[in-house]
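Secondary and tertiary structure notes
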Amino acid sequence: MVQDFLIALGSNLGDGQNNPLKTVGSAIFELAHRKYTIRSVSRFFSTPCFPAGTGPDYINACITISCQHSAKTVLQHLHDIEAAFGRERVQRWGSRTLDLDLVAMGDTVMPSNRVHAMWRDLPLEDQKIRAPDELILPHPRMHERAFVLVPLCDIAPNWRHPVLGTTVRDMVDALPQAMRDEVQPI
């Protein structure tokens with residue numbers, strides 16, 4: 001069965017051959033080359049590094065892809081593409097050549113509402129040092145991140161979070177104005 005996936009893309013280092021803007025564009029091309037159907041592409045945005053002060057600013061975008069793969073297979077393909085672009089996982093929330101996050105798959109919650117709530121409610125200090133060892137969908141902190149939500153609003157403003165019950169537009173509107181203003185279209 002064909003599923004739609006929401007993917008967030010980001011780069012603040014480039015891939016060694018290209019700057020971050022070209023790297024994000026090349027990653028979208030690579031997904032299409034791997035036979036994913038690209039349904040929609042947001043504008044590209046310049047966003048401050050998260051957490052603040054940990055590196056150069058990012059280029060961020062979101063896309064919708066369609067395929068018959070499972071979420072775990074899509075995530076593995078995203079990790080393979082990151083590696084091909086020189087991504088090394090040495091520091092949590094560190095600078096990166098390419099970041100491809102599987103944000104959501106329709107109204108699927110994985111692995112369960114209880115596990116999703118645990119990761120969603122994890123205190124910030126714990127988020128800095130802990131990472132789940134399994135796929136959590138939707139992304140447990142997407143609702144807090146302007147660099148994901150603002151581009152996502154370009155392509156899926158009416159997508160409804162299956163746990164929180166709010167649309168992407170609602171989540172953007174709930175962010176402080178200062179956070180929204182930091183995400184600038186290129």
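Here the structure is a predicted model, which means the values were calculated and not measured.

1. A closer look at the overall build of the chain
Regarding its fold elements, the chain presents seven helices and six strands. When the helices and strands of the chain are read in sequence order from the N terminus, they spell out β-α-β-β-β-α-β-α-α-α-α-α-β. Taking 186 residues into account, the globule formula puts the C-alpha radius of gyration at 16 Å, and the chain, at 15 Å, falls close to it. Taking the principal axes of its C-alpha atoms as reference, the chain extends roughly 40 × 40 × 30 Å. Within the chain, buried positions represent 46% of all 186 residues. Within the chain, counting contacts between residues at least 6 apart in sequence, those at least 24 apart form 67% of the total. Split by element, the accessible area of the chain, about 9,200 Å² in all, is 51% carbon and sulfur.

2. Some thoughts on the pairing of strand 5 (residues 99–105)
With six of its seven residues buried, strand 5 lies for the most part within the structure. Relative to strand 5, strand 1 (residues 3–11) is paired through six bridges, and the arrangement is antiparallel. Following the sheet pairing, Ala8 is matched in strand 5 by Asp101.

3. A look at the pattern of salt bridges
Applying the stated criterion to the full structure yields four salt bridges. Note that Arg34 and Glu30 form a salt bridge whose closest N and O atoms lie 2.8 Å from each other. With a shortest N-O distance of 3.8 Å, Asp121 and Arg120 are connected by a salt bridge.

4. Let's talk about the environment of Pro132
Inspection of the secondary structure assignment puts Pro132 in the loop between helix 4 (124–127) and helix 5 (146–155). For the pair Pro132 and Ser42, spaced 90 residues apart in sequence, the C-alpha separation works out to 28 Å.

5. Quick look at empty space enclosed by the protein
Applying the stated criterion across every chain, the model contains one cavity of 30 Å³ or more. What the largest cavity holds in volume is close to 40 Å³. Breaking the lining of the largest cavity down by element, the ones donating at least two residues are strand 5 and helix 5. Residue composition of the lining of the largest cavity, by class: five nonpolar, one polar and two charged.

6. Quick notes on unusual backbone geometry
The linkage connecting Met110 with the following residue, Pro111, adopts the cis geometry, with an omega of -10 degrees. Along the chain, Pro111 turns up in the loop between strand 5 and helix 3 (113–120). Omega for the bond connecting Leu137 with Pro138 falls within 30 degrees of zero, at -10 degrees, which places this linkage in the cis form. Along the polypeptide, Pro138 turns up in the loop between helix 4 and helix 5. Even without glycine at this site, Lys35 takes up a positive phi of about 75 degrees. Taking the relative accessible area as the measure of exposure, Lys35 reaches 71% and is therefore exposed.

7. Topic: the nonpolar core
Core analysis: the largest hydrophobic core is formed by 27 residues, its most contacted members being Phe5, Ile7, Leu9, Ala71, Val74 and Leu102. For this core, the elements supplying multiple residues, two or more each, are strand 1, helix 1 (20–33), strand 4 (58–67), helix 2 (71–84) and strand 5. The next biggest cluster of nonpolar side chains, apart from the first, holds 22 residues, and it includes Phe45, Phe147, Ile155 and Val172.

8. Quick notes on the confidence of the model for the chain
Averaged over all residues, the pLDDT of the chain equals 90, while 92% of them reach at least 70. In the model of the chain, helix 4 stands out as the element of lowest mean pLDDT, 71, in contrast to helix 6 (residues 168–174), which has the highest, 98.

9. Digging into helix 5
For helix 5, the buried fraction is high: nine of the 10 residues fall into the buried class. Here helix 5 has its buried residues at Ala146, Phe147, Val148, Leu149, Val150, Pro151, Leu152, Cys153 and Ile155.

10. Thoughts on the state of the cysteines
As enumerated under the stated definition, the model contains zero disulfides in all. Just so you know, Cys62 is unpaired, no disulfide at all, and the nearest cysteine sulfur is the one on Cys153, 10 Å from it.

Calculation rules
Residues numbered from 1 in each chain as written. Predicted model: local features only at pLDDT ≥ 70, side-chain atom pairs only at ≥ 80, totals over all residues. Heavy atoms only, no water. Helix = DSSP H or I, 4+ residues; strand = E, 2+ residues; numbered from the N terminus. Rg over C-alpha atoms; globule rule 2.2 N^0.38 Å. Buried < 20%, exposed > 50% of the residue type's maximum accessible area, 1.4 Å probe, protein only. Contact = heavy atoms within 4.5 Å. Areas by Shrake-Rupley, 256 points an atom, 1.4 Å probe, with all protein chains shown as cover. Pairing = 2+ DSSP bridges. Salt bridge = Lys/Arg side-chain N within 4 Å of Asp/Glu carboxyl O. 1 Å grid on protein atoms, 1.4 Å probe; cavity = no way out; pocket = protein on both sides within 12 Å on 5 of 7 lines; lining within 4 Å. Points joined across faces, edges and corners; volume = space filled by probe spheres on them. Nonpolar A, V, L, I, M, F, W, Y, C, P; charged D, E, K, R; others polar. Core = buried A, V, L, I, M, F, W, Y, C linked by side-chain atoms within 4.5 Å. pLDDT = per-residue confidence, 0-100. Disulfide = S-S within 2.5 Å.

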